[in-house]
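Results of the structural survey
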Amino acid sequence: MLRGPRLRRPLQALVVLAVAVVATACTSSRTTPSSTLAEPLPSLTTASYASPTLERIAERGRLRVGVKFDVPLFGYQDPVTKDLSGFDIEIARGIAAELFPDDPQSQRRIDFVEALSRNRENLLITDSVDLIVSTYTINDARKQLVDFAGPYYIAGQDILARKTDVDSGKIRGVSDVNGLRICSVTGSTSLANLRAAAPGADTSITKDKYSECFEALRRRQVDAMTTDDVILLGLAQNFPEFAIAGNPFRTEPYGIGVRKGDAAMRDRINEILQNMFENGQWAEAFRKTVGTTGALVPIHPELEID
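Residues numbered from 1 in each chain as written. Predicted model: local features only at pLDDT ≥ 70, side-chain atom pairs only at ≥ 80, totals over all residues. Heavy atoms only, no water.

Observations regarding the sheet that holds strand β5 (residues 70-71)
Pairing is antiparallel across the open sheet formed by 3 strands, whose spatial order is β5-β6-β7. Two strands close off the open sheet at either side, each with one partner strand: β5 and β7 (84-85). Pairing between β5 and strand β6 (residues 75-77): 2 bridges, direction antiparallel. In the strand pairing of β6, V71 is matched with G75. (Pairing = 2+ DSSP bridges. Helix = DSSP H or I, 4+ residues; strand = E, 2+ residues; numbered from the N terminus.)

Here's the deal with helix α10 (residues 281-288)
Residues W282, A283, A285 and F286 constitute the buried set of α10. Viewed along the axis of α10, the buried residues span an arc of 160°, placing them on a single side of the element. On its buried face, α10 sits against α2 (87-99), β10 (146-162) and α9 (263-279). (Buried < 20%, exposed > 50% of the residue type's maximum accessible area, 1.4 Å probe, protein only. Arc of directions from axis to C-beta. Contact = heavy atoms within 4.5 Å.)

Examining α9
A rise of 1.5 Å per residue sets the reference length of α9, with its 17 residues, at 24 Å; its end C-alpha atoms lie 24 Å apart and thus fit the reference within 8%. By the criterion of burial, α9 is predominantly enclosed, with 14 of the 17 residues buried. Taken from the residues just after α9, G280 is the one with a positive phi, measuring 90°. (Expected span 1.5 Å × (residues − 1).)

Things to note about the nonpolar core
F87, I91, L131, Y152, Y153 and I256 are the most contacted members of the largest nonpolar core, which has 58 residues in total. Ranked by residue count, the leading element in this core is α2, at 7 residues. Discounting residues that sit within four places of it in the chain, I91 has contacts with V133, Y152, I256, L273, M276 and W282. If you look at the next biggest cluster of nonpolar residues, it comprises 15 residues, including I159, V174, I182 and A201. (Core = buried A, V, L, I, M, F, W, Y, C linked by side-chain atoms within 4.5 Å.)

Some details on the pairing of strand β11 (residues 182-185)
The side-chain alternation of β11 yields two buried faces, one formed by I182 and S184 and the other by C183 and V185. When β11 meets strand β13 (residues 224-228), the two strands line up parallel, connected through 2 bridges. The residue of β13 that forms the bridge with I182 is A224. As judged from the 2 bridges shared by β11 and strand β12 (residues 206-207), these two strands associate in the parallel manner. Within the sheet, the bridge partner assigned to S184 lies in β12 and is T206.

Quick look at the pattern of salt bridges
Pairs can form between side chains of opposite charge once their charged atoms are near each other. Enumeration according to the criterion identifies 24 salt bridges in this entry. The salt bridge partner of D127 is R64, with a shortest N-O separation of 2.9 Å. One end of the pair, D127, is in the loop between α3 (120-125) and β9 (131-137); the other, R64, is in strand β4 (residues 63-67), with 63 residues separating them in the sequence. Of the charged contacts in the structure, one is a salt bridge between E215 and R218, with a shortest N-O distance of 3.5 Å. You can see E215 and its partner R218 sitting in helix α7 (residues 210-218), 3 residues apart, about one turn around the helix. Beyond isolated ion pairs, a larger network of salt bridges with shared partners links R56, R60, R64, D127, D130 and R259. (Salt bridge = Lys/Arg side-chain N within 4 Å of Asp/Glu carboxyl O.)

Notes on the packing of α2 against α9
The interhelical angle for the contact between α2 and α9, taken along N-to-C directions, is 110°, at an axis separation of 10 Å. Classified by the angle their axes make, α2 and α9 are roughly perpendicular. Contacts between α2 and α9 involve E90, I91, G94, I95, E98 and L99 on the former and, on the latter, R268, I269, I272, L273, N275 and M276. (Axes fitted to C-alpha atoms, helices over the stretch in contact; angles between N-to-C directions. Parallel < 35°, antiparallel > 145°, perpendicular 65-115°, else oblique.)

Structure (structure tokens):
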């Protein structure tokens with residue numbers, strides 16, 4: 001069992017709230033609702049930290065989570081079945097299991113909403129989702145708009161290019177991409193990091209989705225793309241003609257976004273993450289998703305507790 005530092009914030013009492021299942025709040029982003037519940041459970045148990053978000057989740061009987069739909073291993077929607085899979089999806093399901101412990105099929109109570117990198121903050125600000133679990137890097141600029149629980153994973157930013165360019169030594173890391181066309185995603189920290197690390201790179205081609213960047217690379221519209229190494233691994237796992245440079249130049253701590261000022265919601269999610277670290281659920285979520293590539297389960301990060 002993985003062990004981690006205990007949360008220092010004292011836990012408040014649990015309360016039992018009666019819940020009527022209501023319709024999911026509308027949003028301009030694509031939503032994948034879980035199976036409709038025939039009847040609400042007689043009662044649900046949730047932690048009360050005087051959080052308006054937790055109160056609305058309890059009243060609604062559903063949890064709305066913003067995730068990626070196009071990132072294999074983390075948040076990916078099958079184009080045929082529309083099923084979602086990935087590490088972020090498993091983290092969201094673990095959160096739902098603790099928020100709705102009386103429901104043995106708590107994942108039915110999640111509505112997944114597609115969260116593009118450029119609109120994640122807006123989804124929280126407009127109350128279109130309750131949480132963002134979407135390869136969401138914690139940084140100071142974003143903390144001005146949202147609060148974060150976590151981190152729950154630490155990634156490293158790298159370069160994905162054609163294998164011939166990597167093997168020949170043409171692209172060994174970020175210092176080699178000056179003068180080349182490099183794609184990244186609009187609104188991502190990866191784009192800002194690249195421009196700082198390789199100011200001579202041509203970053204005029206940006207996309208809304210990582211899958212679109214990868215398609216531009218496959219079509220030779222760009223020479224390489226950059227984002228977090230585990231995202232690149234997922235995109236390229238079925239395409240042996242591409243390779244990761246293997247020289248990360250930034251670390252990216254993934255956090256769970258919550259509405260700004262709702263410290264109680266942040267504390268509750270941190271408590272759930274700590275439980276997942278300690279009971280092995282976090283490691284199992286990694287093993288069944290990212291671990292299918294052969295990646296070993298890492299040591300979980302330490303939570304940032306105010």
